[in-house]
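Spelled out, the chains give:
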Amino acid sequence: RKPIQFDQPAIYQISIEGKIDPIWSERLGGMTIGHATVEASRPVTTLEGELTDQAALAGVLNTLYDLHLTLLEVKRLAIEG
């Protein structure tokens, strides 16, 4: 198995508590914004898309932090390239 490189593109799925308007997609690295589930009477937004590297992932996570949104889960779905 090859080690995962932090500077390579990958597809990520991020779940947060609350709702984000799709207009935020560009600010969140172009990720697709979906309001797919409700857990324990609270809305959960799922972001999914390809990010260029883990620095881009950190930028998305920092934006979510700046918006005071609660992070529930981050998954790397696939490595591109």
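Computed from a predicted model, the values in this text were never measured in an experiment.

Rules and cut-offs
- Residues numbered from 1 in each chain as written.
- Predicted model: local features only at pLDDT ≥ 70, side-chain atom pairs only at ≥ 80, totals over all residues.
- Heavy atoms only, no water.
- Helix = DSSP H or I, 4+ residues; strand = E, 2+ residues; numbered from the N terminus.
- Buried < 20%, exposed > 50% of the residue type's maximum accessible area, 1.4 Å probe, protein only.
- Contact = heavy atoms within 4.5 Å.
- Areas by Shrake-Rupley, 256 points an atom, 1.4 Å probe, with all protein chains shown as cover.
- Polar contact = N/O pair within 3.5 Å; in protein donor to acceptor, adjacent residues only side chain to side chain.
- Pairing = 2+ DSSP bridges.
- Core = buried A, V, L, I, M, F, W, Y, C linked by side-chain atoms within 4.5 Å.

Novice: Help me understand the overall build of the chain, please; the structure alone is not making it clear to me.
Specialist: Assigned secondary structure in the chain consists of one helix and four strands. Seen in sequence order, the chain has helices and strands lined up from the N terminus as β-β-β-α-β. Put simply, the chain has 81 residues, and 27% of those count as buried. Considering only intrachain contacts with a sequence separation of at least 6, the fraction spanning at least 24 residues in the chain is 71%. If you sum the accessible surface of the chain, you get close to 5500 Å²; carbon and sulfur atoms cover 51% of it.

Novice: So what exactly am I meant to see when it comes to the side chain of Q13 here?
Specialist: Along the chain, the position of Q13 falls in strand β1 (residues 10-17). One polar contact links Q13 to E48, side chain to side chain, over a distance of 3.2 Å.

Novice: Help me out: how do you make sense of the pairing of β1 in this one?
Specialist: A regular strand carries its side chains on alternate faces of the sheet. Burial of β1 is extensive: six of the eight residues sit out of reach of the surface. As paired strands, β1 and strand β3 (residues 42-51) are joined by eight bridges and run antiparallel to one another. When the sheet's bridge partners are listed, I16 is paired in β3 with T45. The pairing of β1 with strand β4 (residues 70-79) spans eight bridges and is classified as antiparallel. Paired with S15 across the bridge in β4 is E73.

Novice: In this structure, what is going on with the nonpolar core? I would like to understand it.
Specialist: One broad rule of soluble globular proteins: the nonpolar side chains tend to lie buried together. Of all hydrophobic cores here, the largest spans 13 residues; its most connected members are I14, I20, L28, M31, L47, V60 and L64. Breaking this core down by element, the ones donating at least two residues are β1, β3 and α1 (54-66). Among the elements that take part in this core, β1 stands out by supplying four residues, more than any other. Contacts of L47, omitting those with residues within four sequence positions, involve Y12, Q13, I14, I20, L28, M31, T32, I33, V60 and L64.

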